[in-house]
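# Breakdown of the fold
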Amino acid sequence: MKLFAAYQEAYGVPELRLQLPSGTTVIDLRDRLIREHPELAEWREVTRYGVNLQFVEPQTVLQDGDEVVLIPPVSGGLGAN
């Protein structure tokens with residue numbers, strides 16, 4: 001699993017390897033991360049999800065070997081000159 005922005009800050013690493021029970025959904029995984037790091041709760045409703053380089057719905061069931069990405073919104077962009 002690749003971590004970005006707030007998720008990476010909370011865990012202090014850019015990537016995690018997790019063992020998950022069969023039938024785990026993307027939303028189950030997100031909720032696990034929030035249980036481990038409650039400060040991530042503010043991103044619960046605005047995070048987008050990717051599995052194997054495709055955006056997916058939160059109810060998507062994960063398969064062994066899937067690469068999951070949780071993408072919270074990020075601030076920034078071009079500044080005025």
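Just so you know, these numbers come straight off a predicted model, no measurement behind them.

### Regarding the overall build of the protein chain
Within the protein chain, the secondary structure is distributed over two helices and four strands. Along the protein chain, helices (α) and strands (β) appear in the sequence β-α-α-β-β-β when read from the amino end. By the burial criterion, 32% of the 81 residues in the protein chain qualify as buried. The contacts in the protein chain between residues at least 6 apart in sequence include a share of 52% that link residues at least 24 apart. Total accessible area on the protein chain stands at roughly 5,600 Å², and carbon and sulfur atoms take up 51% of it.

### Here's the deal with the nonpolar core
By size, the foremost hydrophobic cluster in this structure holds 17 residues, and its most contacted members are Met1, Tyr11, Leu33, Leu40, Val68 and Leu70. Elements represented by at least two residues in this core include exactly α1 (5-11), α2 (26-36), β2 (48-51) and β4 (68-71). Setting aside anything within four residues of it in sequence, one finds methionine 1 in contact with Pro14, Glu15, Leu16, Leu18, Leu29, Leu33, Val68 and Leu70.

Rules used throughout
- Residues numbered from 1 in each chain as written.
- Predicted model: local features only at pLDDT ≥ 70, side-chain atom pairs only at ≥ 80, totals over all residues.
- Heavy atoms only, no water.
- Helix = DSSP H or I, 4+ residues; strand = E, 2+ residues; numbered from the N terminus.
- Buried < 20%, exposed > 50% of the residue type's maximum accessible area, 1.4 Å probe, protein only.
- Contact = heavy atoms within 4.5 Å.
- Areas by Shrake-Rupley, 256 points an atom, 1.4 Å probe, with all protein chains shown as cover.
- Core = buried A, V, L, I, M, F, W, Y, C linked by side-chain atoms within 4.5 Å.

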